Amino acid sequence: MTIFDLRRAFHHSLSNMRGWFEDSTVSGRLTVLDRLSILDAWQQEMAEFFEKHGYCLACNRRLNRCDCSKALDRIA
């Protein structure tokens, strides 16, 4: 996948996430902590998805050109 494919997948997933959170029948009973936990897990999955395809989610560079991977390791 190219970075453009990955970014398209990211934005599609983000749109789905927003739609899911806006649907009160699905997310109406979630607490703020629940929502934050879901978003945190989603972000981690996106970072792993990008990494699997050789890119950094934070800077969109190929992993071998990324300068922020150590910063991301500290966050995770």
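All of these numbers come straight from a predicted model, not from anything done at the bench. (Residues numbered from 1 in each chain as written. Predicted model: local features only at pLDDT ≥ 70, side-chain atom pairs only at ≥ 80, totals over all residues. Heavy atoms only, no water.)

**Q** Would you explain the overall build of the chain in this entry?
**A** When you go through the chain residue by residue, the secondary structure sums to 4 helices and 0 strands. The contacts in the chain between residues at least 6 apart in sequence include a share of 40% that link residues at least 24 apart. (Helix = DSSP H or I, 4+ residues; strand = E, 2+ residues; numbered from the N terminus. Contact = heavy atoms within 4.5 Å.)

**Q** What exactly am I supposed to notice about the nonpolar core here?
**A** Nonpolar side chains in soluble globular proteins tend to be buried together. Ile3, Leu6, Phe10, Met17, Phe21, Trp42, Met46, Phe50, Tyr55 and Leu57 together form the largest nonpolar core, which totals 10 residues. Of all the secondary structure elements, the ones that give two or more residues to this core are α1 (3-22) and α3 (32-52). Tallying contributions element by element places α1 first for this core, with 5 residues. If we skip the residues at most four places from it in the chain, Tyr55 touches Met1, Thr2, Ile3, Leu6, Phe50, Asn60, Arg61, Arg62 and Leu63. (Core = buried A, V, L, I, M, F, W, Y, C linked by side-chain atoms within 4.5 Å. Buried < 20%, exposed > 50% of the residue type's maximum accessible area, 1.4 Å probe, protein only.)

**Q** How should I be thinking about the side chain of Ser27 in this particular structure?
**A** Mapped onto the secondary structure, Ser27 falls in helix α2 (residues 24-27). Among the polar contacts listed, one links the side chain of Ser27 to the backbone oxygen of Phe21, at a separation of 2.8 Å. Non-local contacts of Ser27, meaning those with residues more than four positions away in its chain, are made with Trp20, Phe21, Glu22 and Arg35. (Polar contact = N/O pair within 3.5 Å; in protein donor to acceptor, adjacent residues only side chain to side chain.)

**Q** For this particular structure, what's the right way to read a nonpolar patch on the surface?
**A** Nonpolar side chains collect at one region of the surface, where Val32, Leu36 and Leu39 lie side by side and expose about 280 Å² of accessible area between them. Examined against the element boundaries, Leu36 turns out to sit in helix α3. With a relative accessible area of 53%, Leu36 lands in the exposed category. (Patch = residues over 30% accessible without salt bridge, like charges linked within 9 Å, V, L, I, M, F, W, Y side chains within 5 Å. Areas by Shrake-Rupley, 256 points an atom, 1.4 Å probe, with all protein chains shown as cover. Salt bridge = Lys/Arg side-chain N within 4 Å of Asp/Glu carboxyl O.)

**Q** Looking at this model, I keep getting lost on the packing of aromatic side chains. Mind explaining?
**A** Both the distance between ring centres and the angle between the ring planes are used here to describe each pair of aromatic rings. All chains considered together, the criterion is met by 4 aromatic pairs. Where Phe10 meets Trp42, the ring centres are 5.3 Å apart and the plane angle is 35°; that geometry is what we call tilted. Taken together, the residues span a long stretch of sequence, with Phe10 in helix α1 and Trp42 in helix α3 at a distance of 32 residues. Between Phe49 and Phe50, the aromatic rings sit 6.4 Å apart at their centres with planes inclined by 70°, giving edge-to-face as the arrangement. The exposure class assigned to Phe50 is buried, which follows from its relative accessible area of 0%. Taken together, Phe10, Trp42, Phe49 and Phe50 form an aromatic cluster joined through their ring pairs. Just above the ring of Phe10 sits the side chain of Arg7; from NZ or CZ to the centre is 4.9 Å. (Phe/Tyr/Trp six-rings, centres within 6.5 Å; stacked < 30°, edge-to-face > 60°. Lys NZ or Arg CZ within 6 Å of the ring centre and 35° of its normal.)

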